[in-house]
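Remarks on the overall topology
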Amino acid sequence: MQIHALGYLGFESPRYEQWLTFGPEVFGLQIGERGADGTVHLRMDDRHRRLSIHPGEEERLAYVGWELSGKAAFTEAVAELEAKGYKPDLGSSQDCANRQVQGLARFADPFGFPHEIYYGPTFTAGSFLPGKPMAGTFVAGTDGVGHVVFVVPEITPELEEFTTGVLGLEHFGGWTATTPDGSISGPQFYRCNPRTHCLGYVGVPGMKGVQHIALESTHLDDVGRAWDLVQERDDIPVTVTLGRHMSDTLISFYMRSPTGFDIEFGANGELLPDDFVQTNPSTSEAWGHKFVADGWAPTVRRIAP
Ligand SMILES: [Fe+2]
């Protein structure tokens, strides 16, 4: 299949209402239409929503939405998932209405994380109004939300086949990094458009969950102002300080969201040329990005051996 963007993300959280202030105040996300059950939909552009936080008893990822170019690409992708044994579950018209898309199918990756492919998302031209004054705007549109990074107990050949062979993503690279518990890991990153990565998996024995998602502004001042704000407020823990990964021009920092996973907020991300050449960074960070968190995001949990 040919995914062209990470289009939307959904989580469940008992603290979903905290996003009504967290989203606009920290990033400038706009609060969209509320769901009938109170779901908070957050907007980054003219799309109906990009990030949805549904009411739920525990903090958990509900879905990762991968955008396809249209109905033909979607039909082809569903057939491909079936042929490869991923048992896609076609969304009903009510499911599509709930997501504000024209077609969707659900499936799970080899570690059970819930993914969806979809096409035809609802948008309203000229409707995006940031939740606070912004120096730039969000990098989104047809290049999508940003990226999502999972922790899995091991990067298996089946997982590598899933990312490149099933999702059809291109391997961006991987490097050696120290994890929040001090162990050494080799995260692997994948891309689907000119942005450096839309998906990452970090192999950490005995652990599994969503580690972070990333959002990007077109202006570094938005990141600087968010950086100031999280230090003034003691209810938003910084987890990784301001810095830059060596493999990417994005200048970013990470904080813990009300729902337990971390959010990386950055600017200055590069768009890769068609003839991009993979290189191998000698260290994970060019500068900064010190881990200052107590440990893993609460959404990353120890699994039964
Ligand atoms: Fe990231």
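Residues numbered from 1 in each chain as written. Predicted model: local features only at pLDDT ≥ 70, side-chain atom pairs only at ≥ 80, totals over all residues. Heavy atoms only, no water.

1. A few points about the pairing of strand S4 (residues 51–55)
For clarity, the threshold we go by: Exposure categories follow from relative accessible area, calculated using a 1.4 Å probe and restricted to protein chains: below 20% of the type maximum is buried, above 50% is exposed, and the middle band is partly exposed. Secondary structure elements follow DSSP: runs of H or I no shorter than four residues count as helices, runs of E no shorter than two count as strands, and numbering proceeds from the N terminus. Pairing between strands requires that DSSP locate at least two bridges from one strand to the other.
With four of its five residues buried, S4 lies for the most part within the structure. Pairing of strand S3 (residues 40–43) with S4 involves three bridges; the strand directions are antiparallel. Bridging across to S4, Leu-42 finds its partner in Leu-51.

2. Let's talk about the coordination of the iron ion
What counts is decided by this rule: Coordination shells were defined by N, O and S atoms within 2.8 Å of each metal, extended to 3.2 Å for Na, K and Ca; water is absent from the atom set, which can make sites look incomplete.
Protein coordination at the iron ion comes from His-147 (NE2), His-212 (NE2) and Glu-264 (OE), with a distance range of 1.9 to 2.2 Å. Mapped onto the sequence, the residues coordinating the iron ion show the spacing H-x64-H-x51-E. Placement of the pair is His-212 in strand S15 (residues 207–217) and Glu-264 in strand S18 (residues 262–267), with a sequence separation of 52 residues. The same class applies to His-212 and to Glu-264, which are both buried.

3. Observations regarding the sheet that holds strand S7 (residues 103–108)
Put simply, the rule is: Contacts: residue pairs with any heavy atoms within 4.5 Å of one another. Structural elements are reduced to axes, namely lines fitted to C-alpha atoms, with helices fitted over the stretch in contact, and the angle between N-to-C directions of any two is expressed from 0 to 180 degrees.
Read from one edge to the other, the open sheet built from eight strands follows the order S2-S3-S4-S1-S5-S8-S7-S6, with strand pairing classed as mixed. Only two strands of the sheet have a single neighbouring strand rather than two, namely strand S2 (30–31) and strand S6 (89–90). Note that strand S1 (residues 5–13) and S4 share five bridges and pair parallel. Bridge pairing in S4 places Ser-13 opposite Pro-55. Most of the contacts of helix H1 (residues 19–27) go to S3, to which it runs at about 10°, and overall it touches S2, S3 and S4.

4. Digging into helix H2 (residues 71–83)
Going by this rule: Here a helix's expected span is defined as the number of its residues, less one, multiplied by 1.5 Å. Our arc is simply the arc of the directions from the helix axis toward the C-beta atoms.
Helix length check: H2 (13 residues) gives 18 Å between terminal C-alpha atoms against 18 Å at 1.5 Å per residue, within 8%. Listed as buried for H2 are Phe-74, Ala-77, Val-78, Glu-80 and Leu-81. The buried residues of H2 occupy an angular sector of 160° when projected down its axis, which confines them to one face. Turned more than 90 degrees off the buried face of H2, the exposed positions are Ala-72, Glu-76, Glu-82 and Ala-83. Directly beyond the C-terminal end of H2, a positive phi value near 80° is found at Gly-85.

5. Details of helix H5 (residues 220–232)
Between its first and last C-alpha, H5 extends 19 Å over 13 residues, near the 18 Å set by a 1.5 Å rise per residue. For H5, every residue scored as buried is listed here: Asp-222, Val-223, Ala-226, Trp-227, Leu-229 and Val-230. For H5, the angular spread of the buried residues around the axis is 165°, confining them to a single face. Lining the buried residues of H5 we find H1, S15, strand S16 (238–245), strand S17 (251–256) and S18.

6. Quick word on the packing of aromatic side chains
Spelled out, the test is: Centres within 6.5 Å are what make two rings of Phe, Tyr or Trp a pair, Trp counting through its six-membered ring; a difference in plane orientation under 30 degrees is then read as stacked, over 60 as edge-to-face, and the rest as tilted.
Summed over all chains, the structure comprises 15 aromatic pairs. Where Tyr-8 meets Tyr-63, the ring centres are 5.7 Å apart and the plane angle is 85°; that geometry is what we call edge-to-face. One end of the pair, Tyr-8, is in strand S1; the other, Tyr-63, is in strand S5 (residues 60–67), and 55 residues separate them in sequence. The pair Tyr-8 / Tyr-63 is uniform in exposure class, with both members buried. Ring geometry for Phe-107 versus Phe-162: centroids 6.3 Å apart, planes at 55°, classification tilted. Residue Phe-107 is found in strand S7, and its partner Phe-162 is found in helix H4 (residues 157–166); the two are separated by 55 residues along the sequence. Look at Phe-107 and you get buried, because its relative accessible area is 6%.

7. Some words on the pattern of salt bridges
Definition in use: In what follows, salt bridge is the name for a side-chain nitrogen of Lys or Arg lying within 4 Å of a carboxyl oxygen of Asp or Glu.
Tallied over the entire structure, the rule returns 14 salt bridges. As a salt-bridge pair, Arg-47 and Glu-67 come within 2.6 Å of each other at their nearest N and O atoms. With Arg-47 in the loop between S3 and S4 and Glu-67 in strand S5, this pair connects stretches of sequence that are 20 residues apart. Here Arg-47 falls in the buried class, since its relative accessible area comes to 13%. Between Arg-301 and Glu-58 there is a salt bridge whose closest N-O contact spans 3.9 Å. Taken as a pair, Arg-301 in strand S20 (residues 300–302) and Glu-58 in the loop between S4 and S5 lie far apart in primary sequence, 243 residues in all. By relative accessible area, which is 34% here, Arg-301 ends up partly exposed. When its relative accessible area of 46% is taken as the criterion, Glu-58 is described as partly exposed.

8. Topic: the domain arrangement of the chain
Just so we agree on the cut-off: Delimitation of the domains relies on an automatic or database domain assignment. Buried area is understood as the total, over both parts, of accessible area removed when two parts are fitted together, assessed with a 1.4 Å probe.
Per the domain assignment, the segments of the chain are domain 1 (5–119) and domain 2 (141–302). The centre of domain 1, based on its C-alpha atoms, is set 20 Å off from the matching centre of domain 2. Residue-level contacts link 38 residues of domain 1 with 45 residues of domain 2. Each partner contributes to the roughly 3300 Å² buried at the junction of domain 1 and domain 2, and carbon and sulfur atoms together form 75% of this total. When residues of domain 1 are sorted by the area they lose upon contact with domain 2, Phe-27, Phe-111 and Phe-113 head the list and together hold 20% of the total.

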